[in-house]
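Coordinate analysis (summary)
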Amino acid sequence: MSEPILKIRDLKVNYGGIEAVKGISLDVPQGEIVTLIGANGAGKSSTLRAISGLVKPSSGTIEFEGENITAKNPTDIVTRGITLVPEGRKIFPDLTVKENLRVGAYLRKDDITDDINWVYDLFPRLKERSWQAGGTLSGGEQQMLAVGRALMSRPKVIMMDEPSLGLAPLVVRGIFDIIKEINKQGMTILLIEQNANMALKTAHLGYVMETGRITLSGPGKELLSNESVKAAYLGT
C-alpha cells in the first residue's frame, strides 16, 4: 500500500446538538480507490463535506499531502487538489454540457482545451451532446457530466458521493468502469456508495461506517467476504 495522500484523525462533525461523525480516523493511499460504505445517516456524506470544507469539523484533523487543511475553505481545498462529485449530481441544467465542464475549471487560468477533450475521450456520450442543455440529459449522462466537471479542475483526489444513486444496473456498471479507468490513469478516489457490492469489488481499501463510527476496515475483497458485511450490506 502506498503512502496516504489524505489522512483523517479523530474527526468529529456536529449539526447543532447532533454528532453526525464521532471521532473517525481513515487513510486514503495515493493512487488507490477507497470506499466508505454504510447505511443512510451513518455519517458518510458529512465526512466528505468536512474534507471539502463545506462543514467545519468540531474536532480532529484532516491532512492532505502532509498539510493540515482542517480549517481551509472550499476554494482552498479545490485549489490544493481535492474535488467532490456531490450526491444528486448538481449539474447546471440550463448550461450546455461544454459550459458545465468549463465551470469545473473556474479556478484555472491556463488553456483547458486538452482537458475538455480528455473528458470527451472518457465520456464519448458527452462529446455527442456537448451543445445540449445539461437538464435534458438522462440520469446516467448527468452523472458522467458531474464526474467530468470535477475532473476539469485536474484534482489529485476526486471524492464521489453516491455516484450510482437512482441509475439502472447497466448504467451503474458503466460508471464503475469509468471510476476504474480514471484510477488507472493515476487518480486517487474516495467513494461513498450504497451499492456495497460494486464498491467493494472496485475499491482497494474499504471502511464500514455505522452511526458516525468506523466499525470495520480492510481490503475491499476481504470485506466482501466478511460475514457481518454480507449480512448487513450485501443481502446474503
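Before going into details, it helps to say that this report is about the structure given with it. Every chain's residues receive numbers from 1 upward, in the order its sequence appears when written. Owing to the predicted nature of the model, reporting of local features is limited to residues with pLDDT of at least 70; listing and counting of side-chain atom pairs is limited to 80 or more, with chain, interface and lining totals taken over all residues. Side-chain measures here rest on the full set of heavy atoms in the structure, leaving out hydrogens and waters.

1. Points about the sheet that holds strand β2 (residues 18-29)
Strand order across the open sheet formed by 4 strands is β2-β1-β4-β5, with antiparallel pairing between neighbours. Taken across any chain shown, the strands that pair with only one partner, and hence form the sheet edges, are β2 and β5 (67-68). When strand β1 (residues 4-15) meets strand β4 (residues 59-64), the two strands line up antiparallel, connected through 5 bridges. Looking at β4, one finds that Leu6 is bridged to Phe64. We call two strands paired when DSSP finds no fewer than two bridges between them. Elements are defined by DSSP. Helices are runs of H or I of four residues or more, strands are runs of E of two residues or more, and each kind is numbered from the N terminus.

2. What to know about the environment of Trp131
Looking at the secondary structure, you find Trp131 in the loop between α5 (124-128) and α6 (139-151). Remark: the alpha-carbon pair of Trp131 and Lys98, spanning 33 residues in sequence, is separated by 6.5 Å. Polar contact criterion, stated in full: a pair of N or O atoms within 3.5 Å, where within protein one must be able to donate a hydrogen and the other to accept it, and residues adjacent in sequence count only if both atoms are side-chain atoms. Within the structure, Trp131 has its side chain in polar contact with the side chain of Ser130 (distance 3.5 Å).

3. Remarks on the packing of helix α3 (residues 97-104) against helix α4 (residues 113-122)
For helices, the fitted line uses only the C-alpha atoms of the stretch in contact; every axis is such a line through C-alpha atoms, and the angle between N-to-C directions lies from 0 to 180 degrees. Contact geometry for α3 and α4: axes closest at 11 Å, N-to-C directions at 120°. Here α3 is positioned oblique relative to α4, judged by the angle of their axes. Of the two elements, α3 crosses α4, and the hand of that crossing is right-handed. Here Val97, Lys98, Leu101 and Arg102 of α3 lie close against α4, whose contacting residues are Ile116, Val119 and Tyr120. Classification convention: Asp, Glu, Lys, Arg as charged; Ala, Val, Leu, Ile, Met, Phe, Trp, Tyr, Cys, Pro as nonpolar; all other residues, Gly among them, as polar. Per-class residue counts for the contact of α3 with α4 are 5 nonpolar, no polar and 2 charged. Angle categories are assigned with fixed cut-offs, so that under 35 degrees is roughly parallel, over 145 is roughly antiparallel, 65 to 115 is roughly perpendicular, and the rest are oblique. Definitions for this section: a left-handed crossing has its near helix turned counterclockwise from the far helix by less than a right angle. A right-handed crossing has that turn clockwise. Contact between two residues is taken to exist if any of their heavy atoms lie within 4.5 Å; hydrogens are not considered.

Shape is all these values report; function is a separate question.
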